[in-house]
Structure formats: C-alpha cells, structure tokens
Amino acid sequence: MTPVTSSSVTSTAGGCAGAEEGDLLDCLRSTSTPRPVVDECLAGGLRAWLEDSACAGGSGAGGSAGGRRPVVVRDGMLVPRMRAWRSRIGVLELQACLTRATFRLTVTDGPPRHPFEDALCAISVTDRGPVVIDAIRRLPTRDRAMLRATLRAHAAAMAAQWRPVPHAWLPRVGERMRVPLAGGAVVITSTADLVLGRPSAGTASVCAVRVHDGQGGRAGDDPVGRTLRALALAETLRSGAHPLRVASYDPSTARLRCEDAGEELLVEGVRDVLRALRASRDPGPGERDPDESPERGGSCHRREPGDRQDCEKRARDVRVG
C-alpha cells in the first residue's frame, strides 16, 4: 500500500488516484470508470460455497440445532466461544471506539467542536455506551488526557479530509452486517462506519468505509485487508449484489486504502471465513481442509467427490432464485 499524505490519495485498486485534499468522498464515488454490472449468480454461489463448509462441519459448527452457541466469524476472524467478558476496556480499544464515533459525526454533521465530549455523547446512546463511559471514568488522569489529545488530533485530520456526505448519496453510519449460515449455526458479521449509495439496480453502486486506528496485526498479517474482504463479502451476501468499493481510513496516518470489490476480493474473503471455520473445529487425524469438497457433507446434505477447484466452479454456477 502506498502511503498517503493529506494532499493525495492512492488506491491499491487504482480507482482513487489523484483525489485532492478534502475530496476523499469523491475518491470513493469516482465516476471516472464505468461501474461494473452485478453478476446475479455471484452472491448465491458464494453463499452456497460457505453453506457447504458450514454444514460439513457437523458437530464442530452445527451449534444452533443442538443448543450450542453459534460460531461467530467477525471481520474474517473467529470469535472465541468462551471469551470472558471484561469489566474494563483497554485504552487502545477506547481510542478506537472514540475515533470511529468522531468519524461518524464528521461525515454526517461536520467536524465536532468538542471531539472528546461529542464522541462520548454519541456513544452514550449505544448498547456499549455505559461500559465505555465507565471505562473512561476509571482511567488515570494522565491516560484520559492523552486519550483526549489523541482524539483531538484525529478529529483535525478528519476535518481536513472529509466533508459531510450529501443527502443524495444516502449515507448510513454504524451499519452492522450479520449473515447467518447453516440455520444460524455460523454467523458472519462486520461493521461499516460509513455506507454510501443506493441499492444496486443492475450495477455495483454501494461503497463502504471502515475506520482503523493504526493498530496492526502480527508479522506477515494484513488485518486491514482482511477487514476489507470481510466487509465486501458481508455486503454481497446480505444484499445479493457486490459493492462497488470498500475502503479503510486511518486518521492517525491520513491514509485511505481503497479497493474495488471484484470477484477475486470476494473469493479471498470466503477463504478467510473457511480458515476461521477450520479453527473452530477440533481437527481429527483425517479431517480435510474446509476449502476442499469432501465426499460427504455434514449434517445438511451429501456431496459428490471433487477438489477445491470443482467446488469453487459449482459455487459460481449456482443460480439465484
């Protein structure tokens, strides 16, 4: 990914180059290239591929019918079943939460005059509001002051690069996407901080943005890329049409990473989910890779023998409706 300064934006997909300061919205909704026609078979094929793997897990992923909690894959990563609830939230998590709230305020009503206080007010009416506010109240004075200063810097970067979204673009903020598979035994989730565009009428028209706060992953990992793939996949599965573009914005570095949501990106998103499903199971000595098509399905149905390429081809050939 090419670093981006406040005066330019570079897209890994080649669709956002040359945007000037304050024109990140124009970058997302660029009309310099024709919008691709939506393949009506793609969403159904991807869902069938995922359903095959979710059902083939048997007792590993088939939770709902047996009274177990569903397997949750959030942003392409497995959410542990028995994660202990924490009474306190870390400083980095609080920073990310406040930054995303500030971004949503900026693109809807313009830059907030008091970023820290306004972000807290916005968060207070959400489900996690009481927990977040209590965690901030418990912070040492020095940590709270540092959090306030960091948020002020991020708010200034957003104010320089983003303008309120025109109402004609149908902006939606804080949109949660939830896609159940295998009768609810597996749930794919993702969240967009900003969604633009009307529902597809034959061409890709929706753009989704996720705010990141400079928090990287392990060496060799690309958490931002995985999140973008998950965002594109969730939107495709829930709406039946792939989005035009997905993007990640990091106010700490003033970078916008923008990717066109083509078939290749979506297939990689499916493979992220398949890896997460594999991690959710207790692998036995003879268990196959979930990317492959086994001779028999799990509790849902039987499948003919075939390799992964055949499975992918069958998935893409599925007709919706």
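In short, a report on the structure. Remember, predicted model here, so these are calculated numbers, not experimental data.

Observations regarding the pairing of strand β4 (residues 186-196)
Of all the 11 residues making up β4, 10 are buried; the element is thus mostly covered by neighbouring parts of the structure. Direction of pairing for strand β1 (residues 71-74) relative to β4: parallel, over a ladder of four bridges. Paired with Val 71 across the strands is Val 186, a residue of β4. Sheet analysis places strand β3 (residues 172-181) next to β4, joined by nine bridges and oriented antiparallel. Along β4, the bridge assignment pairs Met 177 with Ser 190.

Topic: unusual backbone geometry
At Asp 75, a residue that is not glycine, the phi angle is positive and equals roughly 55°. If you trace the backbone, Asp 75 turns up in the loop between β1 and β2 (77-79). Assessed through its relative accessible area of 11%, Asp 75 is described here as buried. A positive phi angle is found at Ala 254, which is not glycine, with a value near 60°. The topology assignment puts Ala 254 in the loop between β6 (245-250) and β7 (255-260).

Notes on the packing of helix α4 (residues 115-124) against helix α6 (residues 141-161)
Angle between the axes and distance between the axes: these two values describe a pair of packed helices. At a closest axis distance of 9 Å, the pairing of α4 and α6 adopts a crossing angle of 95°. Here α6 runs roughly perpendicular to α4, going by the angle between their axes. For the pair α4 and α6, contact is made by Pro 115, Phe 116, Glu 117 and Ala 119 and by Arg 144, Leu 147, Arg 148, Leu 151 and Ala 155, respectively. When its residues are assigned to classes, the contact of α4 with α6 shows six nonpolar, no polar and three charged.

Remarks on the packing of aromatic side chains
For the coordinates displayed, the defined rule picks out three aromatic pairs. Here Phe 103 and Tyr 249 contribute two aromatic rings whose centre-to-centre distance is 6.1 Å and whose plane-to-plane angle is 35°, an arrangement assigned as tilted. Here Tyr 249 lies in strand β6 and Phe 103 lies in helix α3 (residues 91-109), a separation of 146 residues in the sequence. In this pair, the class of Phe 103 matches that of Tyr 249, namely buried. Ring centres of Trp 162 and Tyr 249 lie 5.3 Å apart, and the angle between their planes is 80°; on these two criteria the pair is classed as edge-to-face. Here Tyr 249 lies in strand β6 and Trp 162 lies in the loop between α6 and β3, a separation of 87 residues in the sequence. In this structure Trp 162 comes out as buried when scored by relative accessible area, which is 4%.

What about the nonpolar core?
Residues Leu 46, Leu 50 and Leu 233 are the most contacted members of the largest nonpolar core, which totals 33 residues. Only α2 (40-56), β1, β3, β4, α7 (223-239) and α8 (263-280) provide two or more residues apiece to this core. At eight residues, the largest contribution of residues to this core is made by α8. Counting 23 residues, the second largest nonpolar core, distinct from the first, contains Met 158, Val 165, Leu 196 and Cys 207.

Re the pattern of salt bridges
This structure, assessed with the given rule, holds 18 salt bridges. Across the pair Glu 93 and Arg 128 runs a salt bridge whose closest N-O atoms are separated by 3.0 Å. Here Glu 93, found in helix α3, pairs with Arg 128, found in the loop between α4 and α5 (129-138); they are 35 residues apart in sequence, far enough to count as distant. Salt bridges sharing partners connect three or more residues here, namely Arg 172, Glu 175, Glu 235 and Arg 238.

Here's the deal with α6
Compared with an ideal rise of 1.5 Å per residue, which puts 21 residues at 30 Å, α6 spans 31 Å between its outermost C-alpha atoms and is within 8% of the ideal. Every buried residue belonging to α6 is among Leu 147, Leu 151, His 154, Ala 155, Ala 157, Met 158 and Gln 161, and all of these are buried. Taken around the axis of α6, the buried residues stretch over an arc of 160°, which confines them to a single face. Pointing more than 90 degrees away from the buried face of α6 are the exposed residues Thr 141 and Arg 142.

Reading the values: the criteria
The numbers attached to residues start from 1 for each chain and follow its sequence in the written order. Local features are withheld for residues below a pLDDT of 70 in this predicted model, meaning they are given only at 70 or higher, and side-chain atom pairs are given and counted only at 80 or more; totals for whole chains, interfaces and linings count all residues. Computation of side-chain values: all heavy atoms of the structure, hydrogens and water removed. Working definition: with a 1.4 Å probe on protein chains only, accessible area under 20% of the residue-type maximum means buried, over 50% means exposed, and in between means partly exposed. Secondary structure follows DSSP: runs of H or I at least 4 residues long count as helices, runs of E at least 2 residues long count as strands, and numbering of each begins at the N terminus. Paired strands, in this sense, are two strands between which DSSP finds at least two bridges. All axes here are fitted lines through C-alpha atoms, helices being fitted over the stretch that makes contact, and every angle between N-to-C directions spans 0 to 180 degrees. Reported orientations rely on four angle classes, namely roughly parallel under 35 degrees, roughly antiparallel over 145, roughly perpendicular from 65 to 115, and oblique for the rest. The criterion used for residue contact is that any of the two residues' heavy atoms lie within 4.5 Å. Side-chain classes are defined by residue name, with Ala, Val, Leu, Ile, Met, Phe, Trp, Tyr, Cys and Pro counting as nonpolar, Asp, Glu, Lys and Arg as charged, and the others, Gly among them, as polar. For Phe, Tyr and Trp, where Trp contributes only its six-membered ring, two rings pair if their centres lie within 6.5 Å, and the inter-plane angle classes them as stacked under 30 degrees, edge-to-face over 60, or tilted in between. By convention a nonpolar core is built from buried Ala, Val, Leu, Ile, Met, Phe, Trp, Tyr and Cys residues, the set being connected through side-chain atoms within 4.5 Å. By convention in these notes, a salt bridge is any Lys or Arg side-chain nitrogen within 4 Å of a carboxyl oxygen on Asp or Glu. Expected span of a helix: the number of residues minus one, times 1.5 Å. Regarding the arc, it is the one traced by the directions from the helix axis to the C-beta atoms.

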